[in-house]
Amino acid sequence: MIDAPPYLLRDPESIPSPSFLVFRDLVAGNLDAMIRIAGGVDRLRPHAKTHKSARVIQMALERGITKHKCATIAEAEMLAEAGAPDVLLAYPLVGPNVGRFVRLAAAFPTTTFRAVVDAPEHVRALSDAAATLDRPIPTLIDLDVGMGRTGIESGIGAEAVYQEIERKPHLAADGIHAYDGHVSESDPAVRARRAEEVHEIVAQFRDRLSSRGLPVPRLVIGGTPAFPMHAGFEAPGVECSPGTVVYHDYNYKSRYPDLPFTPAALLLTRVVSSPRAGRLCLDLGHKAVAADPAGLRAFFPALPDARPVGHSEEHLVLETPNADRFPIGTPLLAIPAHVCPTSALHRSAHVVVDGRVVDEWETTARDRRLRF
Ligand SMILES: Cc1ncc(COP(=O)(O)O)c(C=O)c1O
């Protein structure tokens, strides 16, 4: 038995390692906390990239969350297949993905699919492909609000792109998408100020578009760190789009203790070798837990002081003065530092309720391609 509140596993010996575990009631608690913070489901558009799971989407739909966001065509397909009525694919579409997206939209006529663009090339390609559809594609402009990854900076160029969306017969201007991946300050007061800067950029650009008579029905804003601040942004059409919150992880839990979410997706690993004094080798290589460039791979509740000293495909080597207490074969729970790429490493999750594995959930959109 592993009892490390809030995590309980009554029979870890029955679970092979490495395995991905989802604690269902903690996921439910995170979804409920997300809805509470947003003040209801209307201002929510959670990102499905963290879990890529149709079963988690089902839990969200049961709570009345109708609007969803995703990053890949496979995730969009999973969402539509699960019955999500409103899907925003928040990733610029290029190459064959433009046609895949349009074919997907044609195959699910009861789901509204929305797209983002940040350049005239995107607008042209999407509009040309959408000519085969019987309805225009609602299309948001991706605004670069400081991260500098995708998006276009607010200004005359961005206005021209938005005008172009509105002019195209097969697209419909649908608002502003603004992701704030650069807002990562631990101090909530500093984070709040950074979030306000984002709100100002978005509001000014919205006013600029409105003053030209362009419709701006929605403002899709942000990830997890500044989610509570975005939830307080009083503007019509705001939709908050956190993703990590649903599973949550060690990086976010330790960096943002003000957020009321609990890591709900863990890993079960075992000591496979103890090569020298003070060292433990676990079966938690980077094919089982995400290997982000910096920082911890995972936190071990039973080994809070363990120091990672090596990570390869199937091995994680830790140093700890307590190594003697963990003989070969010992099962350990690990909270992934970054859960989104970790979940994508596992075809399915063991679902734990009241300490027992009661189900297995596919990581539905883990593959790059489902049907489309
Ligand atoms: C465009 C976009 N929106 C929302 C999110 C969700 O952010 P978070 O992981 O902080 O919840 C991400 C995360 O990568 C993202 O890229």
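Scoring rules and cut-offs
- Residues numbered from 1 in each chain as written.
- Predicted model: local features only at pLDDT ≥ 70, side-chain atom pairs only at ≥ 80, totals over all residues.
- Helix = DSSP H or I, 4+ residues; strand = E, 2+ residues; numbered from the N terminus.
- Rg over C-alpha atoms; globule rule 2.2 N^0.38 Å.
- Buried ≥ 20, exposed ≤ 12 C-beta atoms within 10 Å, placed from the backbone.
- Contact = placed C-beta atoms within 7 Å.
- Near = placed C-beta within 6 Å.
- Nonpolar A, V, L, I, M, F, W, Y, C, P; charged D, E, K, R; others polar.
- Axes fitted to C-alpha atoms, helices over the stretch in contact; angles between N-to-C directions.
- Parallel < 35°, antiparallel > 145°, perpendicular 65-115°, else oblique.
- Pairing = 2+ DSSP bridges.
- Domains from an automatic or database assignment.

### Notes on the overall build of the chain
Across its full length, the chain holds ten helices and 18 strands. For the chain, the C-alpha radius of gyration of 22 Å lies close to 21 Å, the compact-globule estimate for 372 residues. On the principal axes, the C-alpha backbone points of the chain span a range of 70 × 45 × 35 Å. Relative to its full complement of 372 residues, the chain shows a buried share of 47%. Counting contacts in the chain only where the partners sit at least 6 residues apart, residues at least 24 apart contribute 67% of the total.

### Observations concerning the environment of L9
Note on placement: L9 falls in strand β2 (residues 7–9). A tally of 23 C-beta atoms within 10 Å means that L9 is categorised as buried. Put simply, L9 and V357 are 348 residues apart on the chain and 8.2 Å apart in space, counted from C-alpha to C-alpha. Excluding residues that lie within four positions of it along the chain, L9 makes contacts with M1, I2, V352 and G355.

### Some points on the site of the ligand
In the vicinity of the ligand, the contacting residues are H47, A90, Y179, G223, T224, S241, P242, G243 and T244. In terms of residue class, the shell around the ligand is built from three nonpolar, six polar and no charged.

### A few points about the environment of G295
Secondary-structure assignment places G295 in the loop between β12 (279–282) and β13 (298–299). Measuring from C-alpha to C-alpha, the distance between G295 and A337 comes to 8.2 Å, with 42 residues separating the pair along the chain. The residues touching G295, leaving out its near neighbours within four places in the chain, are N251 and A337.

### Quick notes on the packing of helix α3 (residues 73–81) against helix α4 (residues 96–107)
Where α3 meets α4, the axes come as close as 10 Å, and the angle between the chain directions of the two elements is 5 degrees. Relative to α4, the element α3 lies roughly parallel. Residues I73, A76, E77 and A80 of α3 form the contact with α4, whose participating residues are N97, R100, F101 and L104. Across the contact of α3 with α4, the residue classes break down as five nonpolar, one polar and two charged.

### Details of the pairing of strand β14 (residues 307–311)
Side-chain positions along a regular strand alternate between the two faces of the sheet. Pairing geometry for β14 and strand β15 (residues 316–319), over four bridges, is antiparallel. Across the sheet, H311 pairs through a bridge with L316, a residue of β15. Linking β14 back to β15 in an antiparallel pair, the connection comprises four residues.

### Details of the domain arrangement of the chain
On domain assignment, one finds that the chain holds domain 1 (2–22 + 259–362) and domain 2 (24–249). Placing a centre on the C-alpha atoms of domain 1 and another on those of domain 2 gives a separation of 33 Å. Contacts between the two partners involve 22 residues from domain 1 and, on the opposite side, 20 residues from domain 2. Broken down by secondary-structure element, the contributors of at least two residues to the side of domain 1 that touches domain 2 are β16 (331–336), α10 (339–343), β17 (348–353) and β18 (356–362). Across the side of domain 1 that touches domain 2, the residue classes tally to 18 nonpolar, three polar and one charged.

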